[in-house]
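# Results of the structural survey
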Amino acid sequence: VLLTAIQFRCSKCAVDNRLLDEEETLAGHSILDTLPRYVLYDVNKPEGFNLRRDVFIRMASFIHHMNKVSDYQWILVLPPWHRLYHWRSSNLVQDCLPWSLFFNVDSIKKSTPVVELHEFFQMNGLRPLDAQVTLQDFNVKSFEQYPDFSDKWEVANCKDRVQKEFWNLNNLTFTKSLCISFQGISTLLADIVQELQPRTIIFDHAELALHNYYGGQEYWMIRKSMQFSKNLHEIAKEFKNRNLKQDYLCAHLRRRDFLYGHPSDVPSINDTARQIKEKLILLNIKTVFVATDTSKTEVEELKNYLQPYQMFKFEADKKTLNNFLDGGVAIIDQIICSQANYFIGTSKSTFSFRIQEEREIFGLPIETTFNSFCGDNIECTQPTKWRLVE
Ligand code: GFB
């Protein structure tokens, strides 16, 4: 896995220069008609890792739909993880990372036909993609005047800049490029494919396509297949064996941009400690694991406030950070939180939502899972309980 990750850098993406011969025929049909077709996608740049995991589920649903309604076999190309805004270690190269660095791709493949981008290149060669579709909202003004929630799409003038180079790959080109105003669920993308008849297509701003049925059977089937990689599980296990042999509560404190993005959901450090202590007393637990994106100073401050309780935080050593990067360290935090006796997350954080889902998959009692911090002096509502559906 590591080797794949290290070898897989944008500049070195292995591209098979051999183009399939269009003229090659099989029983009168182009041989290309017998080959699988591919959907690639990308997401709005500033979006974080855990929203992107959700967009994958929507696109996987779409691929399932395509494989039901189309004569061709459709495969989803996993978009490489590329320079996310929240990955703050500036000394690390965090470009074009394969999913196998973070996920057990074999497990994903059991639920959905997917390939990594470099596998797609091996099959497609340098052939330009048949279509690039940039999804965009319908005009918001008209939406306010005439609220219209119907599913719809139409080819339109491009509102914003169209992405010329995905993931810094100048060898990924397109035969045609268009913008489509889109409102609806991800299976509606099938109508666009039906219209364009591409063999290969890339959707940009795939986050605009919504879930067919959020929290339904298909959602959970795909979600369950998104297991983290064995290497990351192993590191989390070692940390737990060393530090968390007893019952522990996990607190996910999302701070940084949430401090101004969602100020009423983020308590002060002092009040965070108060809310944690209240639970520790109630549950008779003595140990806290903290997952957070905040500064070392605030972590130390929290540790002091939490005394006499023991507080642990995962600190990656150099080797772990170099191998698994900021994304891997965040996942290790999530794994440890998903196995805690009790979890308190940050309201509205998709990082916390994904931990809650993982705990549902493990079948942990719901009262230990769907809890979040409240802002200072605010009586807040607790998170919606999205229960697993088999
Ligand atoms: O995952 P994410 O989409 O969750 O983005 P939100 C937050 C990122 O911050 C994570 C880091 O993917 C990590 O890289 N991070 C947050 C953490 N909490 C932790 C933690 O406990 N441990 C570690 N190691 N890293 C959304 C963003 O964030 O917030 C949107 O996706 C937007 O782009 C919005 O900024 C306001 O849902 O919390």
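Attention here is on the structure that accompanies the text. For clarity, every value in this text was computed on a predicted model and none was experimentally measured.

Below, the discussion takes up the packing of aromatic side chains. Any aromatic ring pair is given by two values, namely how distant the centres are and how the planes are angled relative to each other. Scanning the model with the defined rule gives 21 aromatic pairs in all. When the ring of Phe 62 is compared with that of Phe 203, the centres are 6.0 Å apart and the planes differ by 80 degrees; the resulting orientation is edge-to-face. Residue Phe 62 is found in helix H2 (residues 49-69), and its partner Phe 203 is found in strand E9 (residues 200-204); the two are separated by 141 residues along the sequence. Grouping residues by exposure puts Phe 62 and Phe 203 together as buried. Look at Phe 239 and Phe 314: their rings are 5.5 Å apart centre to centre, the planes differ by 80 degrees, and that puts the pair in the edge-to-face class. Placement of the pair is Phe 239 in helix H8 (residues 230-243) and Phe 314 in the loop between strand E13 (310-312) and helix H12 (318-338), with a sequence separation of 75 residues. Phe 314 shares its class with Phe 239; the two are buried. Feature note: the residues Phe 49, Phe 56, Trp 81, Trp 87, Trp 99, Phe 102, Phe 103 and Phe 228 constitute an aromatic cluster, connected by ring pairs. Directly above the aromatic system of Tyr 72 lies the positively charged group of Arg 37, at a separation of 3.5 Å from the ring centroid. The positively charged end of Lys 152 is found above the aromatic ring belonging to Phe 138, 4.5 Å away from the centroid.

This paragraph deals with the side chain of Asp 333. Looking at the element boundaries, Asp 333 is found in helix H12. In this structure, Asp 333 is buried with no salt-bridge partner, the nearest side chain bearing the opposite charge being Lys 313 at 5.2 Å. With residues near it in sequence (within four places) discarded, Asp 333 still touches Phe 289, Ala 291, Thr 292, Phe 314 and Phe 351.

Quick look at empty space enclosed by the protein now. To find leftover empty space, one rolls a probe the size of a water molecule over the atoms. The final tally for this structure, using the stated rule, is 1 cavity of 30 Å³ or more. Its boundaries defined by the atoms lining it, the largest cavity holds a volume of some 40 Å³. In terms of lining, the largest cavity is formed by Leu 253, Arg 254, Arg 255, Val 266, Pro 267, Thr 272, Thr 346 and Phe 373. In the lining of the largest cavity, the residues fall into 4 nonpolar, 2 polar and 2 charged.

The rules behind these values
Residues numbered from 1 in each chain as written. Predicted model: local features only at pLDDT ≥ 70, side-chain atom pairs only at ≥ 80, totals over all residues. Heavy atoms only, no water. Phe/Tyr/Trp six-rings, centres within 6.5 Å; stacked < 30°, edge-to-face > 60°. Helix = DSSP H or I, 4+ residues; strand = E, 2+ residues; numbered from the N terminus. Buried < 20%, exposed > 50% of the residue type's maximum accessible area, 1.4 Å probe, protein only. Lys NZ or Arg CZ within 6 Å of the ring centre and 35° of its normal. Lys, Arg positive; Asp, Glu negative; His and termini not counted. Salt bridge = Lys/Arg side-chain N within 4 Å of Asp/Glu carboxyl O. Contact = heavy atoms within 4.5 Å. 1 Å grid on protein atoms, 1.4 Å probe; cavity = no way out; pocket = protein on both sides within 12 Å on 5 of 7 lines; lining within 4 Å. Points joined across faces, edges and corners; volume = space filled by probe spheres on them. Nonpolar A, V, L, I, M, F, W, Y, C, P; charged D, E, K, R; others polar.

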